[in-house]
Every structure is written in structure tokens, then in C-alpha cells.
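Structural overview for review
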Amino acid sequence: MLPEQIKAKIISNKRFKDNYWHLEFESGLIAGRALPGQFVNIKVSDDVEPLLRRPLSIHGTQSSKVRLFYEVLGMGTRILSNRRPGEFLDVIGPLGNGFSLPGKGHRLGGQAAILVAGGMGGAPLLFLAKKMILSKPLILIGARTKSKVLCAQEFKALGSAVKIATDDGSAGFKGRVTELLSQVLREAKNGGDLSIYACGPRPMLKAVSKIACDNNIDSQLSLEEHMACGIGACLGCVVATKSGYKMVCKDGPVFSGKELTW
Amino acid sequence: MKPDLSVRIGKFDLKNPVMVASGTFGYAEEFAPFIDLKKLGAIVTKTITVSPRLGNLPPRTCETPAGMLNSIGLENPGIDKFIREKLPFLKKLGIPVIVSIASIDDPGEFTVLASHLDKIKEVSALELNISCPNLHKDKLISQDAKDTFELVSLVRKLTQKCLITKLSPNVTSISEIALAAERAGSDAVALINTLGGMSIDIDKRTPKIGSWSAGLSGPAIRPVAVKMIWEAHNKIKIPIIGMGGIMDIQSALEFFIAGASAISVGTANFINPRASIEIISGLKAYMADNNMRDLSGLIGSLRAC
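Residues numbered from 1 in each chain as written. Chains lettered and ligands numbered in written order. Predicted model: local features only at pLDDT ≥ 70, side-chain atom pairs only at ≥ 80, totals over all residues. Heavy atoms only, no water.

**A few points about the overall build of chain A**
Counting secondary structure elements, chain A contains six helices and 15 strands. Relative to the globule expectation of 18 Å for 262 residues, the C-alpha radius of gyration of chain A, 18 Å, shows essentially globular dimensions. Principal-axis analysis of the C-alpha atoms places the extent of chain A at approximately 55 × 40 × 35 Å. With an accessible surface of roughly 10,900 Å², chain A has 51% of that area assigned to carbon and sulfur atoms. The centroid of the 35 positive side-chain charges in chain A is displaced by 4 Å from the centroid of its 22 negative side-chain charges. (Helix = DSSP H or I, 4+ residues; strand = E, 2+ residues; numbered from the N terminus. Rg over C-alpha atoms; globule rule 2.2 N^0.38 Å. Areas by Shrake-Rupley, 256 points an atom, 1.4 Å probe, with all protein chains shown as cover. Lys, Arg positive; Asp, Glu negative; His and termini not counted. Charge placed at Lys NZ, Arg CZ, Asp CG, Glu CD.)

Right, here's the structure in full:
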């Protein structure tokens with residue numbers, strides 16, 4: 001489905017906790033077309049500072065509303081967090097290739113798939129989990145510490161089992177979420193027709209891809225990269241693959257783990 | 001009164017003077033969901049080289065104050081695949097197509113490119129990109145008046161097509177280089193390409209761009225571009241296509257007043273895909289408000305303050 005450039009009315013923009021925010025805007029067009037893993041590219045102000053749009057993954061849709069989950073990290077997201085309900089945002093979307101949903105036959109102890117979320121990675125994966133209605137995926141969430149564990153309640157509310165890994169052991173498994181993933185796969189031992197979906201920091205995705213390949217499991221990874229245009233024109237956001245450089249904005253942001261050469 | 005926006009650039013006519021800059025508009029099809037491409041004055045393609053190029057190591061872009069750095073490194077499918085796969089879409093649009101071309105190792109590559117494109121009637125002009133800052137060269141062709149003269153002369157012998165020479169702002173005297181292009185038979189000059197720039201991640205103490213240095217574009221470079229267009233306009237007779245941080249009609253007008261006969265929208269395409277179309281309507285309104293019948297009253301109309 002083709003993207004469009006629209007002026008979308010902000011419905012709500014609220015701090016969830018710490019630097020984490022939820023924003024909802026009105027767009028029947030984007031809400032109707034959006035697929036899990038796709039993103040929108042937002043001009044946060046009318047000024048030339050910051051110059052570029054900010055790509056944010058789609059966290060969910062409800063009738064004509066599009067929901068975003070973002071962390072205030074720099075100038076762009078700080079300005080976005082100051083935007084008020086009723087104001088209009090210049091939004092381009094939906095953009096990129098999202099996740100492919102698994103077929104019916106996939107099972108792992110009742111789980112169709114494993115979703116691995118590192119840091120803000122829960123933002124697109126919650127949208128994916130909502131669309132996995134045939135069987136509930138198993139969710140693995142990784143964070144540095146307990147207060148940085150995101151989206152756990154939302155995943156649980158969908159009926160999914162959630163396992164947590166923290167670097168400091170303040171919640172769940174002590175260690176990397178990828179170590180937890182290895183442990184889960186060892187215990188399951190029948191991962192042949194299972195899919196892994198992951199979003200998080202690049203080193204985590206690389207580790208997930210290796211674990212998936214070693215276990216002969218398909219993995220779909222959602223990548224992040226600085227973008228100038230978001231629509232496949234500038235060739236700025238490329239990632240190395242077996243078939244050369246590919247654009248994160250247009251060929252991705254979701255790539256097969258087998259395809260990437262890191 | 002409906003203003004006449006048409007302008008002649010060397011050997012071809014544009015229905016309006018608003019083009020899109022090479023490397024910022026892909027091969028046009030990327031923008032089809034957002035604008036009516038047929039409304040543009042002309043399209044300049046991403047630069048094409050003889051052989052396919054993978055381009056530079058990522059990360060390739062980063063944001064800077066009111067601007068951005070890019071180091072794409074002329075990633076492109078090569079001339080054969082361009083003609084086979086990208087040109088058919090451009091031909092169908094029915095507006096002037098300007099193909100940007102560059103050499104990598106040897107200026108002789110321009111002869112291969114020019115002779116391929118000379119035969120294609122839908123190609124209105126060739127833009128000689130002798131000013132890409134991202135090829136890790138010690139010196140660009142457009143940083144030397146003699147090299148510029150020789151290169152343009154070489155291509156001039158091979159084709160009757162309109163030649164536009166794109167120049168680098170990283171020079172001591174832009175008018176000296178523009179004059180060399182004019183004397184060698186260039187039909188127009190395009191200025192400016194990006195300015196060399198660099199940005200550093202202070203936590204990692206690494207460059208923010210994979211190839212270390214890059215080209216700066218966006219509103220940050222606009223005053224540099226306007227001054228260079230004014231300087232060149234005072235010295236050369238061939239038309240100037242002005243670019244460098246044009247975001248909207250106000251910034252576009254500065255370029256016309258400084259002496260540009262046409263303008264190219266570059267980085268703005270990334271931020272607002274409709275920028276070029278909005279500038280065309282803004283120009284119509286400005287000309288009507290100022291009782292301008294055509295562009296001749298606007299181009300180079302700068303007065304002393």
C-alpha cells in the first residue's frame with residue numbers, strides 16, 4: 001500500500017514513565033493501511049531545526065487512530081513531546097516493509113512464535129503481537145534494569161506469556177535477553193517450524209540472528225538506522241546484505257536474519 | 001494576468017524553472033505517491049556511472065544544525081541498467097529529463113556515458129557531476145579551471161545535447177571555474193554541489209559518517225550558494241541553475257534575484273516531498289503580485305541596498 005503525506009491531528013501525547021511517551025494521532029488512512037513493523041516519518045516542528053523527519057514505528061492502531069510509543073532522547077523527540085492534543089503533525093506513512101505473519105501450523109508448546117524485544121523494541125512488536133490471533137507468541141523482553149522493562153503488561157494483557165531478562169538481574173533472568181532466548185530454545189528443542197521476531201539494539205539483533213541460524217529457525221529483525229528521506233530516495237540508510245546494500249526505509253525495516261551480513 | 005514561467009536553459013525549454021536536484025529525488029518514481037511529477041520543470045536523476053556502484057560504507061547520513069551530511073558515494077546501477085530499468089519511467093513523464101553523469105577513475109568514462117545517452121531523444125540534457133565530494137579524491141575536476149575546461153571540451157565534442165556542468169563550492173573562485181566551463185562549451189552551470197563537512201560522535205570519538213567526511217547540504221549552506229550564484233552571474237553569460245538549501249518559495253526567490261535562471265530543490269525533497277510543487281505555485285503568486293509577465297524581470301534583479 002502506498003504511503004501518503006498528511007496533516008494528522010494529535011489526539012493525545014502523554015508521558016508514560018521516565019522519558020517514555022505515548023502519542024496518538026488521527027488518520028483513518030494510515031490506521032487502515034498500517035502493517036506491524038511499518039513506520040511513520042514525522043516532521044516534529046515547522047522549523048529547520050531539527051531539519052529531518054523522525055521515523056517512529058507504529059505501536060498500534062484502533063479504528064482511525066495511530067498509536068506511537070517513543071523515548072525522548074534528543075532534540076526531535078523532545079520537541080515532539082511538547083506537541084499538544086489538537087495540533088497537527090506532518091506525517092508520512094505508512095512506510096517500509098513490515099513483518100510477515102506466521103502460518104497456522106507453527107507450534108512451540110502452544111506458541112506460534114517468539115518475539116524478542118530489547119529496549120524500545122516492544123514498540124513495533126506489540127502491534128505484531130496484536131495481529132497474531134491464531135496463537136499467542138512467547139514474549140522475551142530485555143532491558144538493562146527493571147525500570148527499563150517496557151510493554152510487559154501490554155503483552156500480558158494480550159494473553160501472551162512474558163519472560164524478562166535484565167543485565168543486572170533486578171527482574172527475571174539475569175543476563176542478556178539473547179541468553180534467555182538460547183535457554184528457551186534448548187528447553188523447547190523442536191524449533192524447526194518456529195519463527196523469531198525481534199526488534200532492539202543492533203548487537204542484540206545480530207545475536208538473535210546467529211541463534212536463529214544455529215537452530216535453523218527463521219528470524220525477522222526490525223532494524224533502525226538514521227534516515228534522511230524514509231521513502232527510498234536518498235540511499236542514506238543502507239544495511240549490508242547478501243545481495244548488496246539494502247535500504248532500511250524501503251526494503252526494510254524488517255529483514256530476514258539469513259539475509260543480513262552485519 | 002497569468003505569468004509565463006517558462007525559461008530556456010541552453011538548448012531546451014522548461015515550462016517552469018523549478019527542477020529537482022540530483023541525488024535527492026532518486027529516479028522520480030520514489031516521489032510518485034506524493035506529487036504530480038508532470039508539474040516539475042525538469043528532473044535531474046541520481047548520478048549514473050559506467051559500472052554499477054555499491055556506494056560508501058554506512059552510516060551515510062547525519063543531521064547537523066539546519067542541515068545534513070551525506071556520503072552516499074554515487075551508489076547507482078550503472079549506465080546499462082539505468083537505461084533498461086530506470087529511464088522508461090522517466091521517459092513516460094513527458095517532462096525534460098536531465099541525466100547526471102560522473103567518472104570514477106578516468107575522465108574518459110564521461111565519453112562512454114555521453115555516447116550512450118546522446119542517442120536517447122527523451123534525455124534533454126546531461127549534467128556533468130565533476131563535484132561529488134564523496135569519492136575520496138585529493139582534488140575534484142571542478143576544483144581546477146584547466147581540468148574543468150578539458151573535461152567539458154571532451155564531452156562537448158561527443159554530443160549536441162545540452163550540457164550542464166555542476167560545480168563545487170569548495171574553491172577559491174567560483175567564477176573562474178564557471179568561466180572555464182562556459183569557454184569549453186557548457187550550455188549552463190549548476191551551483192552549488194555540497195560543501196565538504198564532517199561531524200564527530202564525542203562519546204565514541206568516531207566520525208558520524210562511515211567514510212569520515214561527507215557533503216553538507218540544507219538551509220545551513222544557503223548563504224554560501226546565494227553568494228556564489230551572484231558572483232558567477234556577474235562573470236558568465238550562460239544560465240545558472242541555482243541550488244543549495246532551497247526549502248520554500250522565499251528561499252527560491254533569493255536564488256533567482258541573485259542571478260539563477262532556474263533552481264533545483266534538493267535536501268527539501270527529503271523533508272517535504274511536495275516542496276518543489278509548492279515553490280512552483282509560490283512563484284506564480286509572487287510574479288502575479290509583482291506584475292511580472294515573465295521571469296526576465298526577476299532573474300538577476302538584485303539592486304544595491
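Okay, back to it.
**Quick look at helix H5 (residues 222–235) of chain B**
Residue and element names in this part refer to chain B. End to end, H5 covers 20 Å across 14 residues, agreeing with the expected 20 Å (1.5 Å per residue, within 8%). Looking only at H5, the buried set comprises Arg-222, Ala-225, Val-226, Met-228, Ile-229 and Ala-232. When H5 is viewed along its axis, its buried side chains cluster within an angular range of 165 degrees and face the same direction. (Expected span 1.5 Å × (residues − 1). Buried < 20%, exposed > 50% of the residue type's maximum accessible area, 1.4 Å probe, protein only. Arc of directions from axis to C-beta.)

**What to know about the environment of Pro-94 of chain A**
Residue and element names in this part refer to chain A. Looking at where Pro-94 falls in the secondary structure, it is placed in strand E6 (residues 88–95). Overall, Pro-94 belongs to the buried group, its relative accessible area being 2%. As for Pro-94 and Glu-179, which are separated by 85 residues in sequence, their C-alpha atoms are 34 Å apart. The residues touching Pro-94, leaving out its near neighbours within four places in the chain, are Leu-2, Pro-3, Ile-30, Arg-33, Ala-34, Gln-38, Phe-39 and Ile-58. (Contact = heavy atoms within 4.5 Å.)

**Considering the interface of chain B and chain A**
Tallying the contact residues gives 34 residues for chain B and 27 residues for chain A. Across the chain B to chain A interface the summed buried area is about 2,500 Å²; carbon plus sulfur atoms make up 64%. Per-residue buried area on chain B facing chain A is highest for Glu-63, Phe-270 and Ile-271 of chain B; these three make up 25% of the total on that side. Linking chain B to chain A there are one salt bridge. Close ionic contact of Arg-54 of chain A with Glu-63 of chain B constitutes a salt bridge, the shortest N to O distance being 2.6 Å. Mapped by element, the contributors of at least two residues to the side of chain B that touches chain A are strand E5 (61–64), strand E6 (67–70) and helix H7 (268–271) of chain B. Its residues assigned to classes, the side of chain B that touches chain A comprises 17 nonpolar, 11 polar and six charged. (Buried area = accessible area lost by both parts, 1.4 Å probe. Salt bridge = Lys/Arg side-chain N within 4 Å of Asp/Glu carboxyl O. Nonpolar A, V, L, I, M, F, W, Y, C, P; charged D, E, K, R; others polar.)

Don't take any of this as a statement about function, it's just geometry.
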